[in-house]
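Residue strings, one per chain:
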Amino acid sequence: MKIAIAADHGGFKLKEALKKYYAASNMIDLGTYSADSVDYPDYAHKMVQTILHKEADLGILICGTGVGISIAANRYKGIRAALLYSDEVARLAKAHNDANIIVFGGRTMSVDDVIKRIDIFLHTSYENGRHQQRLNKIEETE
Ligand code: RB5
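The structure contained in this document is the topic of the report that follows.

**Remarks on the sheet that holds strand 4 (residues 81–83)**
Working step 1: A sheet is described by the order of its strands in space; here 5 strands give the open sequence 2-1-3-5-4, paired in parallel fashion. The strands lining the two open edges of the sheet, one partner per strand, are strand 2 (28–29) and strand 4.
Working step 2: Sheet analysis places strand 4 next to strand 5 (residues 101–105), joined by 3 bridges and oriented parallel. From the neighbouring strand, Ala-81 faces strand 5, where its bridge partner is Ile-101.
Working step 3: Those strands touched by helix 5 (residues 111–122) are strand 1 (3–7), strand 3 (58–63) and strand 5, and its axis lies near 165 degrees from that of strand 5.

Written as structure tokens, this is what we have:
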């Protein structure tokens, strides 16, 4: 599975820690590349283009809280960005929502918690069935 990662300055440190931990998987790093202040919608946009053009199978987005960059990413048709604020939400965001971008807060979550949630998400299957009819309804109203 090809994974892309992007963050604003609020998520830069966490992005670097995740890149180090997943070094073997060669994540596509879409920036930012320093702790200098940037605007999170620019990184949401880069990630969305990468996912919609199928250059990656899954995106990881990070800002300070995960909230702003989630809002920005979810403005685009075909994007299901989920803020994984607990282990159970990490499981359900795959099982029920088939999220194509998972989101974290660089200032609100620990590296260990985030790694655990990524692991849970990657080891969960989408349940399809009644959940697909709900995702279809989202697509129809976009
Ligand atoms: C940037 O200071 C901060 O607002 C951003 O990282 C994020 O938390 C927005 O939701």
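Now that the structure has been shown, the text picks up again.
**Here's the deal with the site of the ligand**
Working step 1: Around the ligand lies a shell formed by Asp-8, His-9, Tyr-40, Cys-63, Gly-64, Thr-65, Gly-68 and Arg-107.
Working step 2: The side chain of Asp-8 places a nitrogen or oxygen atom 2.6 Å from an oxygen atom of the ligand.
Working step 3: Burial of the ligand by the protein amounts to 70% of the accessible area it has alone, namely 300 Å².
Working step 4: By residue class, the composition of the shell around the ligand is 2 nonpolar, 4 polar and 2 charged.

**Thoughts on the packing of helix 4 (residues 87–95) against helix 5**
Working step 1: Following both chains from N to C, one finds helix 4 and helix 5 inclined at 30 degrees, their axes separated by 8 Å at the closest point. As the angle between them shows, helix 4 and helix 5 are arranged roughly parallel. Relative to helix 5, the crossing made by helix 4 is right-handed. Residue-level inspection shows Asp-87, Ala-90, Arg-91, Ala-93 and Lys-94 of helix 4 in contact with helix 5, the latter providing Lys-116, Arg-117, Ile-120 and Phe-121.
Working step 2: Tallied by class, residues from the contact of helix 4 with helix 5 come to 4 nonpolar, no polar and 5 charged.

**Regarding the pattern of salt bridges**
Working step 1: Inspection of the entire model under this criterion finds 10 salt bridges.
Working step 2: Among the salt bridges present, the one from Glu-16 reaches Lys-19, with a minimum N-O distance of 3.7 Å. Of this pair, Glu-16 and Lys-19 are both found in helix 1 (residues 12–21), 3 residues apart, which corresponds to roughly one turn of the helix.
Working step 3: Given a relative accessible area of 28%, Glu-16 falls into the partly exposed group.

Scoring rules and cut-offs
- Residues numbered from 1 in each chain as written.
- Predicted model: local features only at pLDDT ≥ 70, side-chain atom pairs only at ≥ 80, totals over all residues.
- Heavy atoms only, no water.
- Pairing = 2+ DSSP bridges.
- Helix = DSSP H or I, 4+ residues; strand = E, 2+ residues; numbered from the N terminus.
- Contact = heavy atoms within 4.5 Å.
- Axes fitted to C-alpha atoms, helices over the stretch in contact; angles between N-to-C directions.
- Near = heavy atom within 4 Å.
- Polar contact = N/O pair within 3.5 Å; in protein donor to acceptor, adjacent residues only side chain to side chain.
- Areas by Shrake-Rupley, 256 points an atom, 1.4 Å probe, with all protein chains shown as cover.
- Nonpolar A, V, L, I, M, F, W, Y, C, P; charged D, E, K, R; others polar.
- Parallel < 35°, antiparallel > 145°, perpendicular 65-115°, else oblique.
- Left-handed = near helix turned anticlockwise from the far one by under 90°.
- Salt bridge = Lys/Arg side-chain N within 4 Å of Asp/Glu carboxyl O.
- Buried < 20%, exposed > 50% of the residue type's maximum accessible area, 1.4 Å probe, protein only.

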